[in-house]
Amino acid sequence: MSELNEQQVALISAYIKQHGIAQNTLHDDLLDHVCTSIERQMDEGKSFEAAFEQTIKLFGPGGLKQVQQQTFELLTEMNENMKKVASFSIGIVLSIYTFLSIVALFLFGRNVNSDTNVLKNVNFEIS
Amino acid sequence: MHKKIRYNVWMHKKLMYVCLMYSNELIKGTLKTIVLSLLAKKGRMYGYEITQHVKEETDGKIQLTEGALYPLLHRLEAEGLLETEKENIGKRVRKYYRLTESGNNQATSLAAEFQEFSKTMNRLLNNFSLKPSYYV
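Residues numbered from 1 in each chain as written. Chains lettered and ligands numbered in written order. Predicted model: local features only at pLDDT ≥ 70, side-chain atom pairs only at ≥ 80, totals over all residues. Heavy atoms only, no water.

Novice: Kindly report on the overall build of chain B, identifying the contributing residues and their values.
Specialist: Each helix and strand in chain B was counted, giving five helices and three strands. Listing every helix and strand of chain B by position from the N terminus yields α-α-β-α-α-β-β-α. The burial tally for chain B puts 36% of its 136 residues in the buried class. Pairs at least 24 apart in sequence give 50% of the contacts found in chain B among residues at least 6 apart. Accessible area of chain B: about 8700 Å², with a carbon and sulfur share of 54%. (Helix = DSSP H or I, 4+ residues; strand = E, 2+ residues; numbered from the N terminus. Buried < 20%, exposed > 50% of the residue type's maximum accessible area, 1.4 Å probe, protein only. Contact = heavy atoms within 4.5 Å. Areas by Shrake-Rupley, 256 points an atom, 1.4 Å probe, with all protein chains shown as cover.)

Novice: Got a sec to walk through the overall build of chain A? Specific residues and values, please.
Specialist: Broken down by element type, chain A carries four helices and zero strands. Buried positions account for 29% of the 127 residues belonging to chain A. Sequence-distant contacts, at least 24 apart, represent 60% of the contacts inside chain A between residues at least 6 apart. Just so you have it, chain A exposes about 8700 Å², and 63% of that area is on carbon and sulfur atoms.

Novice: Go over the environment of Leu110(B) with me, naming the residues and quoting the values.
Specialist: All names here are of chain B. Residue position: Leu 110 is located in helix α5 (residues 101–128). Judged by relative accessible area, which is 14%, Leu 110 ranks as buried. Not counting the four nearest positions on each side in its chain, Leu 110 is found in contact with Lys 32, Thr 33 and Leu 36.

Novice: Break down the side chain of His27(A) for me, with residues and values.
Specialist: Residues and elements named next belong to chain A. If you trace the backbone, His 27 turns up in helix α2 (residues 24–43). Within the structure, the side chain of His 27 is placed 3.0 Å from the side chain of Ser 13, a separation counted as a polar contact. When near neighbours in sequence (up to four residues on either side) are disregarded, His 27 contacts Ser 13, Ile 16, Lys 17 and Ile 21. (Polar contact = N/O pair within 3.5 Å; in protein donor to acceptor, adjacent residues only side chain to side chain.)

Novice: Tell me about the sheet that holds strand β1 (residues 44–46) of chain B, and name the residues and values.
Specialist: Residue and element names in this part refer to chain B. Pairing within the open sheet is antiparallel, and its three strands lie in the order β1-β3-β2. Each edge of the open sheet carries a strand with a single partner, namely β1 and β2 (82–89). Each neighbouring strand pair of the sheet contributes to a mean axis angle of 35°, computed without reference to strand direction. Relative to strand β3 (residues 92–99), β1 is paired through three bridges, and the arrangement is antiparallel. Within β3, the residue paired with Tyr 46 across the bridge is Tyr 96. (Pairing = 2+ DSSP bridges. Axes fitted to C-alpha atoms, helices over the stretch in contact; angles between N-to-C directions.)

Dropping the structure here:
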């Protein structure tokens, strides 16, 4: 089984960084992926250069940058979903609170008013 | 806004989920099921291993691209369905992905859901499939 030497790994790492992969964890994933793919092809008798070229081709026309863009979009989509859930639950809590206060106003609001009326009447009679 | 929509359409046209036989929509909807059930069976795997395994098990009918796989793996990790462990391989780091407990539950329920769905689709398509012309 072929194993890439230090120089070759450094070359691939530089290539990945050069093509706009800023995210560290993604860089590690892609570096290992590209290296493994090259090693397997070298096992089948290809040269390092030919295997490298072939592997890069598999990333498609958008290249490496597209992988990062897609990762970014999936993660933001997830955060946006979480925001939606949060604002939904805040909305539910607020509407329940409003509903309960209206109910409370109807049930006890009149009693409060009539009590004060009674008190007013009492005061009036005394004076 | 327009620019973003156009970009998304462009991305889809550029074969995000390269696959020789099935439409992008089919693969997109089942990618999570594929990856989670593979990990449920195999324990821990690294990215390259996952792509190769899927390719072999499906006789090359489904070929995951890096552009589809790694974004998904990162998202599943962020959702707490996967956890990673790192190992040094020569001069580089290899990241192994494995299911967490909730990932395991999710894998089971997704697989069951898909099998049920596929049964229903089969029944539906068998009932409504076009009869050969000599029946008409």
